[in-house]
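Remarks on the overall topology
Okay, here's what each chain looks like letter by letter:
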Amino acid sequence: MKVKVITITGESNYGNSLQNYAVIQTLNSLGCEAQTVKTEYEPNFTKLCKKNLKIYTKVALKIKNYHWFKRQMRFKKFSNRYLCKTDKVYSETAPTAVDDCDAIIFGSDQIWNFTLGERMKNGISFYTGGFDFNGLKIAYSASVGADYIPDDFHDIMSKNLSSFAAISVREQQARDIVGSVTDVPVDVTVDPTLMLDKSQWLKIAKKPKYVHNGEHFVFTYFLGTQSDSVKDYISAVGKKYNLRVISLQSEWTEQSDIFNVDIYSTSPDEFLWLVANCDIVFTDSFHGSVFSIINEKPFRFFDRNTDFVGNMSSRLDTIFDKFQIGSWCRGNTAENIDDVFFKDYSNVPQTLSNERANALSYLKNALGI
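Structural notes, computed from the coordinates.

For the coordinates displayed, the defined rule picks out 29 aromatic pairs. Between phenylalanine 106 and phenylalanine 164, the ring centres sit 4.8 Å apart and the planes meet at 45°, which makes this aromatic pair tilted. Placement of the pair is phenylalanine 106 in strand 4 (residues 103–106) and phenylalanine 164 in the loop between helix 7 (154–161) and strand 6 (166–169), with a sequence separation of 58 residues. With a relative accessible area of 0%, phenylalanine 106 lands in the buried category. Centre to centre, the rings of tyrosine 241 and phenylalanine 341 are 5.0 Å apart; their planes meet at 80°, and the pair counts as edge-to-face. You can see tyrosine 241 sitting in the loop between helix 10 (228–240) and strand 9 (244–249) and its partner phenylalanine 341 sitting in the loop between helix 14 (313–323) and helix 15 (348–367), a full 100 residues away along the chain. Exposure remark for tyrosine 241: the relative accessible area of 32% places this residue in the partly exposed category. Grouping aromatic residues by their ring pairs yields a cluster made of Tyr14, Tyr21, Phe75, Phe78, Tyr82, Trp201, Phe219, Tyr221, Phe271 and Phe291. Just above the ring of tyrosine 264 sits the side chain of arginine 71; from NZ or CZ to the centre is 4.7 Å. The ring of phenylalanine 286 carries the charged tip of arginine 170 above its face, separated from the ring centre by 4.9 Å.

Pasting the structure below:
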């Protein structure tokens, strides 16, 4: 069975790339031949460079946008190797990239978060299946990523989702939101990154060159701004236990605020290695938390401190409650530093096994396998 995957592509975001990989691997495990649809909505890095030779000079001289381009190049390399993208590029005028398959999977990631900017608004028809297709349209662990769907998009979502054979989202809140605009039953399935176990992720993990052999370190990944109190707390943990603090910054970081280009341009497979090999994780990221859980690492999740990137607390509430770890993984700068390495994953294995079985059952039923 040939299956095409529609998700947000071309981003230098770790969760985005790794969930895409997980969807492809999960579908392949069911005997499908899966590919990610390359779209006109993703940044065309190669075309941009060809159109403006000045960019090459700036990158070579490490002047303007050097950090951004280096990160983009490393993500593109990961994408080319692991995400199985289509040769054809989907566009509204050339939609053939989705023709030669039996089913289309929409998801995961925030494909229905139309508060993310013009790219999502312009692509709403594509991301909600508003095009002719003779096979199955299926949403798998799709996310709204926000507390609501803007009023302007209710009608088009309602119309387009009515053609879906099955819909699942990854948050309880999203089920209520999506359910309000469609009569198609909406299930909840776990984030695709949780469908692969630690050993499967380690197969593609790669040690960054900036980490020394045998080095012990704290790993931080914040999409929002760290408050001074959080910075001081993490620094105190590192000093007390003689741990290097490796801080991975988001793709939205201003160039003037990037303090280490090698760390900033960390690739997704290196991200996997950092989580698996650190002593503790501090994060405000959904996938920073998810991969800490997969690796059974001590971690602390802090509520996001920014207006630019949406607050993810409700999404984390769902997963923390599901795995019964919310009592200890919530970040608090008042927590005694001697207690910060505490973890308790005793309820996770069985719950995770059940969630994986539920997601596989959903996919098999939706695909008719």
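From this point on, the discussion continues.
Now for the pairing of strand 9. As paired strands, strand 8 (residues 217–222) and strand 9 are joined by six bridges and run parallel to one another. What sits directly across from phenylalanine 222, in strand 9, is glutamine 249. You can see the chain leave strand 8, run along helix 10 and come back into strand 9, and the turn it takes is right-handed.

With that settled, consider the sheet that holds strand 10 (residues 280–283). Reading across from one edge, 9-8-10-11 is the order of the four strands in this open sheet, with parallel pairing throughout. The open sheet has two edge strands, strand 9 and strand 11 (299–301), and neither has a second partner. Averaged over neighbouring strand pairs, the angle between their axes works out to 15° when direction is ignored. Relative to strand 10, strand 8 runs parallel, the two being bridged by four bridges. By the bridge assignment, tyrosine 221 is partnered in strand 10 with threonine 283. Of the strands in this sheet, strand 8, strand 9 and strand 10 touch helix 12 (residues 268–277), which is tilted by about 130° from strand 8.

What counts, and at which threshold
- Residues numbered from 1 in each chain as written.
- Predicted model: local features only at pLDDT ≥ 70, side-chain atom pairs only at ≥ 80, totals over all residues.
- Heavy atoms only, no water.
- Phe/Tyr/Trp six-rings, centres within 6.5 Å; stacked < 30°, edge-to-face > 60°.
- Helix = DSSP H or I, 4+ residues; strand = E, 2+ residues; numbered from the N terminus.
- Buried < 20%, exposed > 50% of the residue type's maximum accessible area, 1.4 Å probe, protein only.
- Lys NZ or Arg CZ within 6 Å of the ring centre and 35° of its normal.
- Pairing = 2+ DSSP bridges.
- Right-handed = clockwise from strand over helix to strand, strands pointing away.
- Axes fitted to C-alpha atoms, helices over the stretch in contact; angles between N-to-C directions.
- Contact = heavy atoms within 4.5 Å.

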